[in-house]
Amino acid sequence: MLSRLNELIWTDWIWFPEGLGWADLKDHDGKVFPKMGDLWATIPIAFCFLVIRQIFERTVAIPLASLLGVSDKPRVRVAPNPILESYFCSTSKHPTQSSVESLSKQTGCSVRQVQRWFRRRRNQDRPSKLKKFREASWRFTFYLLAFFAGLAVLVDKPWFYDMKQMWDGFPTMSLLPSQYWYYMIELGFYVSLLFSVASDVKRKDFREQIVHHVATILLISFSWLVNYIRAGTLIMLVHDTSDYLMESAKMFNYAGWRRTCNLIFTVFAAVFIITRLVILPFWIIHTTWVYPLTLYPPFFGFYFFNGLLLVLQCLHIFWAALIVRMVIKFLPGNDIVEDERSDKEETESEDEDDEHERREKSKNGHVQNGHTLLNNNHSKTD
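Note that this is a predicted model, so its numbers are computed, not measured. (Residues numbered from 1 in each chain as written. Predicted model: local features only at pLDDT ≥ 70, side-chain atom pairs only at ≥ 80, totals over all residues. Heavy atoms only, no water.)

K.L.:
If you had to explain the overall build of the protein to someone new, which residues and values would you point to?
P.N.:
Helices and strands together make up the secondary structure of the protein, namely 13 helices and two strands. The buried share of the protein, taken over its 382 residues, is 46%. (Helix = DSSP H or I, 4+ residues; strand = E, 2+ residues; numbered from the N terminus. Buried < 20%, exposed > 50% of the residue type's maximum accessible area, 1.4 Å probe, protein only.)

Below, the structure written as structure tokens:
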């Protein structure tokens, strides 16, 4: 049964144009072609990336953060409170006003105390600025190296200048060693991002990031299997062109280098829009979607590959809207760029108001041991 299902899934007519098939991708006459078994190499590569990342962050990122002046504000930890902790973990991190009032009655705390507890508790869970810097510096380093590696792999190839040539001889284009390593390293890196997603900084577009990682892994893997490698290398290079600029802008943002951050982010926005909203859809996707129809009748593999590309393109449009909105915000006032995907830390200004209120009450004997009494009905006659 499983053998029959496997045959149906990998039948030639699903993944290749009529008259072509898997037999055309068997090594012969010194020519090497991509194989499904090659993809298993990405698993150990991904784990190597996870180990290298830990070493990099400790030996490079942390000293660099110190050099650039990245520092975290001290955070006040909340006092243990089982009732509030249970509500925070199981119900909501942002209780409504009615819930705050109910919790106030259950705990004997004032409404302001409950609000302050939740505010500080949320801040405890937010990643520190140093953690964000370490993550950004790691990704910056990889994307920068990957960008130059991609250029080295493609700059002397004819399909880099004439994209229609990515289909010359399809699917019997022999695999080059440089293409093999470029693919395996890129795919291994994205697999490592999927492995580390639970511990990485979670932003507001967390779900979109997961969709992006999964679509990218499927796209790279599928393009490898059916020998869309020429198109795949171009797509990976386009993505790496702007990613390292975004990560470097984040690094200077966390360091408080306002003008440098704004300048890099402006360059990033321009490069992102040109590569993701112009080159990718109107050059590369056009060459993978429209041009092949002049050579072959459409088939399922054609729709599957281009469907994944369209998923990525929709994500690019979503992120482009966020990027443009950030540019509009900081350009007029020359303020620092804020990553709109990040969850901003809540200030302690309200805590300071509470502290002032307590000091005022302490003059009238309404405070014991530096803390507001939990019993709001405490007698004022002693």
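K.L.:
Tell me what's going on with empty space enclosed by the protein, and back it up with residues and numbers.
P.N.:
If you walk through the whole model with that rule in mind, you get four cavities of 30 Å³ or more. Of the voids in this model, the second largest cavity is the one considered here, and its volume is about 130 Å³. Along the walls of the second largest cavity sit 14 residues, with T216, I220, I235, M236 and H239 positioned nearest its centre. For the lining of the second largest cavity, the secondary structure elements donating two or more residues are α8 (177-195), α9 (206-225) and α10 (229-255). Each residue belonging to the lining of the second largest cavity can be placed in one class, and the counts come to seven nonpolar, five polar and two charged. (1 Å grid on protein atoms, 1.4 Å probe; cavity = no way out; pocket = protein on both sides within 12 Å on 5 of 7 lines; lining within 4 Å. Points joined across faces, edges and corners; volume = space filled by probe spheres on them. Nonpolar A, V, L, I, M, F, W, Y, C, P; charged D, E, K, R; others polar.)

K.L.:
If you had to explain the packing of aromatic side chains to someone new, which residues and values would you point to?
P.N.:
Inspection of the entire model under this criterion finds 40 aromatic pairs. With a centroid separation of 5.9 Å and 90 degrees between ring planes, the pair formed by F222 and Y228 is classed as edge-to-face. A relative accessible area of 6% places F222 in the buried class. Among the aromatic residues, ring-to-ring pairing joins W10, W15, F16, W22, W167, F170, F222, Y228, Y296, F300, F304 and F305 into one connected group. (Phe/Tyr/Trp six-rings, centres within 6.5 Å; stacked < 30°, edge-to-face > 60°.)

K.L.:
Tell me about the nonpolar core, and name the residues and values.
P.N.:
Among the nonpolar cores identified, the biggest contains 79 residues, and Y228, F265 and F305 are the most heavily contacted of them. Among the elements of the structure, α2 (12-15), α3 (42-68), α7 (129-154), α8, α9, α10, α11 (258-289) and α12 (300-333) are those that each provide at least two residues to this core. In this structure, Y87, F88, V114 and W117 belong to the second largest nonpolar core, which totals ten residues. (Core = buried A, V, L, I, M, F, W, Y, C linked by side-chain atoms within 4.5 Å.)

K.L.:
How would you explain the packing of α8 against α9 if you had to name every residue and give the values?
P.N.:
For the pair α8 and α9, interaxial distance at closest approach is 10 Å and the crossing angle is 155 degrees. Taken together, the axis directions place α8 and α9 in an arrangement best described as roughly antiparallel. Seen from above, α8 lies across α9 with left-handed handedness. In contact with Q179, Y180, Y183, M184, L187, Y190, V191, L193 and L194 of α8, α9 contributes H212, H213, V214, T216, I217, I220, S221, S223 and W224. Of the residues that constitute the contact of α8 with α9, the class distribution is twelve nonpolar, six polar and no charged. (Axes fitted to C-alpha atoms, helices over the stretch in contact; angles between N-to-C directions. Parallel < 35°, antiparallel > 145°, perpendicular 65-115°, else oblique. Left-handed = near helix turned anticlockwise from the far one by under 90°. Contact = heavy atoms within 4.5 Å.)

K.L.:
Give me the pattern of salt bridges: which residues, what numbers.
P.N.:
With the rule as written, the count across this model stands at eight salt bridges. Residues D27 and K35 are paired through a salt bridge, measuring 2.8 Å at the closest nitrogen-oxygen approach. Since its relative accessible area comes to 39%, D27 is described here as partly exposed. If you follow the salt bridges from partner to partner, you end up with R53, E57, R134, E135 and R139 in one network. (Salt bridge = Lys/Arg side-chain N within 4 Å of Asp/Glu carboxyl O.)

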